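Okay, here's what each chain looks like letter by letter:
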Amino acid sequence: MPVLNRIASYAEEMKGWRRHLHANPELSFDCFNTAAYIVDRLKEIGVDEIHPGIAKTGIVAIINGQGDGPTIGLRADMDALPIQEITGADYASTIPGKMHACGHDGHVPMLLGAAKYLAETRRFKGRVALLFQPAEEDGAGGMVMVNEGVMDRFKVDQVYGIHNAPNVPFGHFLTTPGALMASVDTAYVHITGRGGHGATPHECVDPIVALVGMISAIQTIIPRNIYALDEAVLSVTMVNSGTASNIIPEEAMFAATIRCFKPEVRALLKKRFHEIVEGHAAAYGVQARIDYDWGYPATINHPDQAAFASEVAAEIVGEDAVDGNSVREMGSEDFSYMLEARKGAYLFMGTGPGAGLHHAAYDFNDEAAPIGASFFARLVERAQPLG
């Protein structure tokens, strides 16, 4: 492919961009230095418009093609995670307690590499909108960008994104029509009883006993209330209470992550969760407050766009390296908000063996960046051809 060959010549430059970002991670919406660095690269590349300050530190950049046509959106997230890095790399994070453990430092140079190629060649009609998004990990930056009107303001017709996938064979692409990733909701349950001496439980209202009952009961929601072929996960991930072995505490709490693919299943999970907690609170004589965080929706690919993206990926890496009907997963992604606003698709791109996402030893494989950039570039040329 000529796209791959051209972008391959940017490989060392892309590696430099990536390693600078890796050494200088920023969290959530506070990607000020990251955004400034991206803006400088966009100016060097020669894009036609740069619009910073969207969703606080997000950026939309425009590249004009030849002649009138629609606008295709390409998205890269750019925030890091609150993790202490242990890679030992000479470009490791210079900021204690923060690191790019999810590969967003690799997503940015993939999009910049595509931008450089597209700005040089402009073998497409219409426009490309480069969407550099903060706060994917925490804060729903994708939702904020959509709510601030980027799709309408820049007349985006369709939108695409890639996520790196460690331990998937290098250069392989995975996607599927329909739901690719799950919705994610988080429940925090705060239980208040009446504390006292552990030797006189009859004088107390024990929140721990109520907590144990609630946790046991909510584990019945999926096997007994959800249709067996509607995948869902409800995991209790945090339990806190007590200060000493001879004290019945006043308070207890637990938290759970709740994930599924269908809106009606999501609503039922929430309904049953509340019913069980509230019913057990009444039965045990405690007060229970539920803070239910309605999080990212499921990432749902549009079928035609998912099929098209698979075709483009096959041009770059070969048909044998593309699975266009892959297994969906229970992880979540705020690109979901962009796919609710516009047609498009999301794909995973294998980066080969290595530590998994969100691990302190994770490091993006720089050799994968030209492949991702080539996919983005060819996607534009195929979606909006000159003639």
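Scroll up to find the structure this text is about.
The model shown is predicted, which means the values in this text are computed figures rather than measured ones. (Residues numbered from 1 in each chain as written. Predicted model: local features only at pLDDT ≥ 70, side-chain atom pairs only at ≥ 80, totals over all residues. Heavy atoms only, no water.)

## What about the overall build of the protein?
Within the protein, the secondary structure is distributed over 12 helices and 16 strands. On C-alpha atoms alone, the protein measures out to a radius of gyration of 24 Å, which is about the 21 Å that the 2.2 N^0.38 rule sets for 387 residues. Overall size of the protein, expressed as C-alpha extent along the three principal axes, is 80 × 45 × 40 Å. For the protein, with 387 residues in total, the buried portion stands at 54%. Taking as baseline every contact in the protein between residues at least 6 positions apart, the subset at least 24 positions apart corresponds to 82%. For the protein, the accessible area works out to roughly 15,800 Å², and carbon and sulfur atoms hold 52% of it. (Helix = DSSP H or I, 4+ residues; strand = E, 2+ residues; numbered from the N terminus. Rg over C-alpha atoms; globule rule 2.2 N^0.38 Å. Buried < 20%, exposed > 50% of the residue type's maximum accessible area, 1.4 Å probe, protein only. Contact = heavy atoms within 4.5 Å. Areas by Shrake-Rupley, 256 points an atom, 1.4 Å probe, with all protein chains shown as cover.)

## As for the nonpolar core
Core analysis: the biggest nonpolar cluster contains 58 residues, and Leu130, Phe132 and Phe375 have the highest contact counts within it. Examining the composition of this core, we find that 9 residues originate from one element, helix α4 (residues 104-121), more than from any other. For phenylalanine 375, the contacting residues outside a window of four places in its chain are Ile162, Phe173, Ala309, Val312, Ala313, Ile316 and Leu347. (Core = buried A, V, L, I, M, F, W, Y, C linked by side-chain atoms within 4.5 Å.)

## Description of the pattern of salt bridges
Summed over all chains, the structure comprises 26 salt bridges. The partner of glutamate 44 in a salt bridge is arginine 41, with the nearest N and O atoms 2.8 Å apart. Of this pair, glutamate 44 and arginine 41 are both found in helix α3 (residues 32-45), 3 residues apart, which corresponds to roughly one turn of the helix. Note on glutamate 44: relative accessible area 55%, which makes it exposed. When the shortest N-O distance is used, the salt bridge between lysine 262 and aspartate 230 registers 2.9 Å. Within this pair, whereas lysine 262 is found in the loop between β12 (251-260) and α9 (263-284), its partner aspartate 230 is found in the loop between α8 (221-225) and β10 (232-241), the two being separated by 32 residues in sequence. In this structure lysine 262 comes out as partly exposed when scored by relative accessible area, which is 36%. Judged by its relative accessible area of 15%, aspartate 230 is buried. What emerges from the salt-bridge pattern is a single network uniting Arg123, Glu311, Glu315, Arg378, Glu381 and Arg382. (Salt bridge = Lys/Arg side-chain N within 4 Å of Asp/Glu carboxyl O.)

## Remarks on the pairing of strand β8 (residues 183-192)
Of all the 10 residues making up β8, 7 are buried; the element is thus mostly covered by neighbouring parts of the structure. In this sheet, β12 lies alongside β8 in antiparallel orientation, the contact comprising 10 bridges. Each residue of the ladder has a partner; that of histidine 190, found in β12, is methionine 253. Pairing of β8 with strand β13 (residues 287-293), which is carried by 7 bridges, proceeds in the antiparallel orientation. Bridge assignment links alanine 187 to a residue of β13, and that residue is tyrosine 292. (Pairing = 2+ DSSP bridges.)

## Quick look at the packing of helix α2 (residues 11-23) against α4
Taken N-terminus to C-terminus, the directions of α2 and α4 make an angle of 145 degrees; their axes are 9 Å apart at the nearest point. Where α2 crosses over α4, the handedness of that crossing is right-handed. For the pair α2 and α4, contact is made by Glu13, Met14, Trp17, Arg18, Leu21 and His22 and by Asp105, Gly106, Val108, Pro109, Met110, Leu112, Gly113 and Lys116, respectively. Here the residues of the contact of α2 with α4 are counted per class, giving 7 nonpolar, 3 polar and 4 charged. (Axes fitted to C-alpha atoms, helices over the stretch in contact; angles between N-to-C directions. Left-handed = near helix turned anticlockwise from the far one by under 90°. Nonpolar A, V, L, I, M, F, W, Y, C, P; charged D, E, K, R; others polar.)

## A closer look at the sheet that holds strand β6 (residues 173-174)
Pairing is mixed across the open sheet formed by 8 strands, whose spatial order is β1-β2-β4-β3-β5-β16-β6-β15. Strands at the two margins of the open sheet, each flanked by one partner only, are β1 (49-54) and β15 (322-323). Of the strand pairs in this sheet, β1 and strand β2 (residues 58-64) are connected by 4 bridges, and their pairing is antiparallel. The residue of β2 that forms the bridge with histidine 51 is valine 60. Together, β1, β2 and β4 (127-133) form the strand contacts of α3, whose direction differs from that of β2 by roughly 10 degrees. In this fold α4 packs onto β2, β3 (71-77), β4, β5 (156-166) and β16 (343-352), with an angle of close to 150 degrees to the strand it touches most, β3.

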